[in-house]
Amino acid sequence: MGIPTFEDKVLQRAIVMLWESIYEQDFHEGSYGFRPKRSPHDALDALWKQTERIGGGWILEVDLRKFFDTLDHAHLRDLVSRRIRDGVVRRLIGKWLKAGVMEDGNISYPDSGSPQGGCISPILANAYLHYVRDVWFEETVQPQLLGSAKLIRFADDFVIVFSNREAALQVLGMLTERFAEYGLSVHPDKTRLVDFRHPSHSDRKRDGQPKPDTFDLLGFTHYWGKSRWGKWTVKKKTMSRRLTRAVQSIYQWCRDHRHRPVHEQWKTLCQKVRGHYASYGVTGHGRMLNNFRHEVRRVWRKWLDRRNRERHMTWEKFERLEKRHPLPLPKIYHQGST
């Protein structure tokens, strides 16, 4: 993390406003990260529509290793200069990239990477990946492929949905070489090709695979499941490690603040629970939200019980307390695809 000074924050915000009006004309439709009027849920909806349209297909799930830490400054300046001609602005970008980072009283001057923490970093990353990946994929790669292929990305997180397996394998090899040219590397263990074809696909039955694989994107695990009408459809649920991390965060907070007044604890917990609902409150996800709320209740009661060695917070007492301080019920914030 690199936290800029107040003056730099103001100047960076001005540059971001300027660049957005320029780059929004160039950025591709499949790019959703850190762009005006676009959200992770828009990317998820686009992914759902594409997989439903082609019956699942083959999903190339790609993980870039330490993307923000390995951005090559020389390549970045060259790519920015293709669209930004103003010398003053380009010199400012160079100064921010070269700015030292103070940690434990020591100043270091990294040769690569874009410090996370400043508002200029996301749009620099978008500009970098726009040329390195998006333009290259659409103009050079797609015309060579058999079948359809759609790239959907949010910042450095992205998947490519293919209708043809051979095309997916071809692109997997090309991506590794392409990123290496620009100082980036693909994580060998986290990058994989997922057979996400429809469960009734004839080839799946011949392969003896009872159900398709799953893949992760933007905090959700995507899988095939039955709708309430009994039809196969692409669904999503909170990634298990994300859910575990969210519950552990609540656990630690309740432990550290167990002696604060109950009303204050309740107000903060309500904010945390609503924040989780805002991120994961999508259509068809009510059961997972209920599971999260149940875990929050369990953790809160446990640490209220530890406040006093003599007066225990039994579930009966906790339920009476809940009538005065109820946690928010699950709410679907994002209507759309399942």
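Residues numbered from 1 in each chain as written. Predicted model: local features only at pLDDT ≥ 70, side-chain atom pairs only at ≥ 80, totals over all residues. Heavy atoms only, no water.

## Points about the packing of helix α10 (residues 262-280) against helix α11 (residues 286-305)
Then step 1. Orientation of α10 relative to α11, taken along the N-to-C sense of each, is 160 degrees, at an axis distance of 11 Å. Regarding the angle of α10 to α11, the classification is roughly antiparallel. Like other packed secondary-structure pairs, α10 and α11 cross with a definite hand, here right-handed. On α11, the residues that touch Val262, Gln265, Trp266, Leu269, Val273, His276, Tyr277 and Tyr280 of α10 are Leu289, Phe292, Arg293, Val296, Trp300 and Leu304. (Axes fitted to C-alpha atoms, helices over the stretch in contact; angles between N-to-C directions. Helix = DSSP H or I, 4+ residues; strand = E, 2+ residues; numbered from the N terminus. Parallel < 35°, antiparallel > 145°, perpendicular 65-115°, else oblique. Left-handed = near helix turned anticlockwise from the far one by under 90°. Contact = heavy atoms within 4.5 Å.)

## What to know about the environment of Lys37
Then step 1. Position of Lys37 among the secondary structure elements: in the loop between α1 (6-23) and α2 (40-54).
Then step 2. With a relative accessible area of 86%, Lys37 lands in the exposed category.
Then step 3. For the pair Lys37 and Lys237, spaced 200 residues apart in the sequence, the C-alpha separation amounts to 24 Å. (Buried < 20%, exposed > 50% of the residue type's maximum accessible area, 1.4 Å probe, protein only.)

## Focus on the sheet that holds strand β4 (residues 149-154)
Pairing between sheet strands relies on hydrogen bonds along the backbone, with the strands arranged either parallel or antiparallel.
Then step 1. Reading across from one edge, β4-β5-β1-β6 is the order of the four strands in this open sheet, with antiparallel pairing throughout. In this open sheet, the two strands that pair with only one neighbour each are β4 and β6 (192-195). When the angles between neighbouring strand axes are averaged without regard to direction, this sheet yields 20 degrees.
Then step 2. Examined bridge by bridge, β4 and strand β5 (residues 157-162) share six bridges and lie antiparallel to one another. Counted as the bridge partner of Ile152 is Val159 from β5. (Pairing = 2+ DSSP bridges.)

## As for the state of the cysteines
Then step 1. Considering all chains together, one arrives at zero disulfides under this definition.
Then step 2. Not engaged in a disulfide, the cysteine Cys254 finds its nearest cysteine sulfur in Cys270; these two sulfurs lie 11 Å apart. (Disulfide = S-S within 2.5 Å.)

## Considering the environment of Tyr131
Then step 1. Counting through the fold element by element, Tyr131 comes out in helix α6 (residues 120-141).
Then step 2. Residue Tyr131 is classed as buried on the basis of its relative accessible area of 12%.

## Re the packing of aromatic side chains
Then step 1. Taken as a whole and assessed by the stated rule, the structure comprises twelve aromatic pairs.
Then step 2. Ring geometry for Phe67 and Phe68: centres 5.1 Å apart, planes at 75 degrees, overall edge-to-face.
Then step 3. Where Phe67 meets Tyr128, the ring centres are 6.5 Å apart and the plane angle is 70 degrees; that geometry is what we call edge-to-face. On the criterion of sequence distance, the pair formed by Phe67 in helix α3 (residues 67-70) and Tyr128 in helix α6 is long-range, its members being 61 residues apart.
Then step 4. Classification of Tyr128 as buried rests on a relative accessible area of 0%.
Then step 5. Taken together, the ring pairs connect Trp19, Tyr23 and Phe27 into an aromatic cluster.
Then step 6. Residue placement shows Arg133 over the ring face of Phe158; its charged tip is 3.9 Å from the ring centre.
Then step 7. Over the ring of Tyr223 we find Lys237, and its NZ or CZ is 5.4 Å from the ring centre. (Phe/Tyr/Trp six-rings, centres within 6.5 Å; stacked < 30°, edge-to-face > 60°. Lys NZ or Arg CZ within 6 Å of the ring centre and 35° of its normal.)

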